[in-house]
Amino acid sequence: MRRSALSIDTLQPDGFKILLEILVRHPEFHVSEVFFDFAARNEGQSKADFNEGIRYFRHLTRLRWTVNQHLARFLLVIILGVGLNLLLLGLLVGRFGWPLLSGAALAGAATIVVLLAGEAWVFNDRIPGYTHQRLGITLLLGLLYLLLIYLPMLALLTHWGVHYLLAALLALSIAGFVYYLFSEYWIWGRGLMMRPRSQTYYNIHNLLSVASQVPLAELEHFIVPEEPSQIDLRLRVDRHGTPSHPADAISYDEHLGRFGFSLAVLPGDYTEIVVSPLLESSPSFLYTNVVEPVIHWMLVTRGNAFLPVAAVATPDEQYRARLISGAPDMAYGLLQLATSDNLAFMGDDRIILANDGTVYAYPKPVTINQAMLRDASAATRAVAPLFLQRLVYSRQIRQLGLWLGTRRLPAATLNTYLQRLMPQPKYDVHELAPRVTTAETATADSLIILGPAPTTEPPSQDQTVDELVHKGWAQTGFRPLTQLAAELAMWDDQNWIEQEQAFTRRALKDVNIQVEAIELDNWWERIDNKYSEQPPSVSSVSDTPVKPESLSANTTPHGLS
């Protein structure tokens with residue numbers, strides 16, 4: 001085979017049967033056979049012992065489950081079909097006195113209907129043409145097995161004195177076995193084997209490129225149609241169910257297989273995140289708890305800060321970014337601020353800051369609140385989710401999750417299922433505020449930290465910046481987020497927090513940093529009024545910043561809590 005045609009990311013061999021792995025995971029390959037004779041062994045001994053036989057059988061089993069993601073549903077349909085058949089047959093023949101073959105024919109027809117409905121459900125991810133073809137084949141085979149195998153076998157077995165329900169079960173088993181033999185290609189064949197998964201590509205300001213097998217709404221702003229020339233971060237779903245955990249990886253596993261939370265962050269020529277299949281069903285939870293911490297670490301290793309601040313920019317000849325931290329309802333307040341002051345939106349909880357003071361936008365879908373519903377008719381469908389979330393994500397439920405996490409119980413798995421069933425209502429900024437524009441880059445002009453009045457001696461500007469950076473790493477909440485952030489911060493025996501603090505101080509050394517001790521209710525109106533009276537005159541980080549008098553009034557510097 002051509003090496004370029006082989007998708008290395010999909011290969012996870014176990015033992016020596018690498019060709020088996022390639023054939024199963026690349027069903028699109030055209031296969032030919034060239035025969036040859038094995039030569040006699042001249043030295044050493046064979047590795048094909050009993051343990052290798054067990055490993056081979058285990059690998060076959062894993063591949064069978066891996067390449068066909070429909071097996072559990074398919075078996076469920078078969079069980080339901082058999083149960084319905086026996087139930088109807090017992091009612092029609094035993095209770096209502098129908099002739100055996102008449103009752104069996106009706107029960108068999110009902111079973112075929114269940115199979116048809118089940119096929120549409122089991123294979124609902126197939127293209128329409130394939131689905132119609134598959135249903136037609138199922139109907140044809142079902143009728144043939146009903147008339148040629150099931151009914152004749154049932155009549156023969158009852159003639160030999162077997163009870164009609166046991167005879168029906170045996171006849172169904174024989175018919176099902178023959179059905180399996182004849183439809184092996186259609187059920188388990190190449191059309192249903194694991195095909196190379198499609199990937200979505202993201203280019204984050206040419207600073208970081210991402211390839212993900214799971215579409216991530218939080219990175220949709222950075223989506224690109226073609227694969228970048230170099231991929232820095234890959235996200236892959238482990239179809240086996242549990243990613244391998246090599247010694248040099250950061251790993252987390254709740255030991256529930258494909259139905260639980262498991263991840264591995266692997267170093268190499270590019271960084272790879274491998275997650276269990278469960279996380280694919282909750283992409284927002286996957287991004288927040290796994291992908292974003294890794295993006296943070298990778299940006300820092302490339303000399304960029306990933307600050308936990310919001311940002312808006314002035315739409316003049318050179319965009320000047322106003323960074324804001326420490327406020328509640330940040331998304332809502334930021335949109336109000338941008339709308340009232342004609343500012344460009346850059347992000348509501350994260351921005352990227354380069355060494356030279358350049359601010360790169362990081363706009364993610366924002367979590368909607370009740371106040372936003374009054375301003376966005378398109379978001380009214382979020383009323384019910386918001387109400388349910390207030391119940392589900394109450395303080396008591398969160399405390400229960402934290403309690404589970406501290407006791408090594410599967411808190412992350414439970415949280416993933418919860419987010420899967422009830423995801424947070426998030427919307428694109430332009431859907432909530434169509435008139436708001438977005439700035440891709442700007443020059444850092446000011447940093448405003450909101451909060452209560454200080455109770456101790458205010459720290460220096462460098463100390464304030466250091467604490468802001470530390471806040472971005474000090475993740476709180478459910479595992480594995482806390483563990484992952486802590487390990488990434490010290491990965492490769494480097495203190496990435498200190499390094500990010502160092503070049504963030506350099507990037508913001510000429511930036512006007514203000515700590516506002518104001519009431520946080522309607523904070524956007526207070527900031528808007530202050531800056532509307534006397535806008536900052538700083539045009540670049542190299543200029544001497546001018547501190548507006550209106551901003552210095554009622555301002556008390558303080559550190560972060």
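Caption draft 1: Molecular detail of the packing of aromatic side chains. Summed over all chains, the structure comprises nine aromatic pairs. Residues Tyr332 and Trp524 carry aromatic rings whose centres are separated by 5.3 Å and whose planes lie at 90° to one another, so their mutual orientation is edge-to-face. In this pair, Tyr332 sits in helix H8 (residues 330-341) while Trp524 sits in helix H17 (residues 523-533), placing the two residues 192 residues apart along the sequence. Of the residues examined, Tyr332 reaches a relative accessible area of 14% and is grouped as buried. Taking relative accessible area as the criterion, Trp524 reaches 10% and is therefore assigned buried. Ring-pair connections join several aromatic residues into one group, and the members of that group are Phe222, Phe306 and Tyr362. Above the face of the Tyr270 ring, Arg234 is positioned so that its terminal group lies 5.1 Å from the ring centre.

Caption draft 2: Representation of the sheet that holds strand E4 (residues 233-237). The seven strands lie next to each other as E3-E1-E2-E4-E7-E6-E5, forming an open sheet whose pairing is mixed. Each having just a single partner strand, strand E3 (223-224) and strand E5 (250-253) make up the two edges of the open sheet. The pairing of strand E2 (residues 208-212) with E4 spans three bridges and is classified as parallel. Its bridge partner being in E4, Val210 is matched across the sheet by Leu233. Strand contacts of helix H15 (residues 481-489): E5 and strand E6 (262-266), with the helix running at about 170° to E5, the strand carrying the most contacts.

Caption draft 3: A look at the side chain of Gln501. Topologically, Gln501 is positioned in helix H16 (residues 496-507). Gln501 gets classed as buried once you look at its relative accessible area, which sits at 13%. Contact partners of Gln501, with chain neighbours within four places excluded, come to Asp466, Val469 and His470.

Caption draft 4: Just unusual backbone geometry, in detail. Positioned with a positive phi, Asn206 is a non-glycine residue whose angle comes to about 60°. Its place among the elements puts Asn206 in the loop between strand E1 (200-204) and E2. A relative accessible area of 68% means that Asn206 is categorised as exposed. With a phi close to 60°, Asp492 is a non-glycine residue in the positive phi region.

Criteria and thresholds
- Residues numbered from 1 in each chain as written.
- Predicted model: local features only at pLDDT ≥ 70, side-chain atom pairs only at ≥ 80, totals over all residues.
- Heavy atoms only, no water.
- Phe/Tyr/Trp six-rings, centres within 6.5 Å; stacked < 30°, edge-to-face > 60°.
- Helix = DSSP H or I, 4+ residues; strand = E, 2+ residues; numbered from the N terminus.
- Buried < 20%, exposed > 50% of the residue type's maximum accessible area, 1.4 Å probe, protein only.
- Lys NZ or Arg CZ within 6 Å of the ring centre and 35° of its normal.
- Pairing = 2+ DSSP bridges.
- Contact = heavy atoms within 4.5 Å.
- Axes fitted to C-alpha atoms, helices over the stretch in contact; angles between N-to-C directions.

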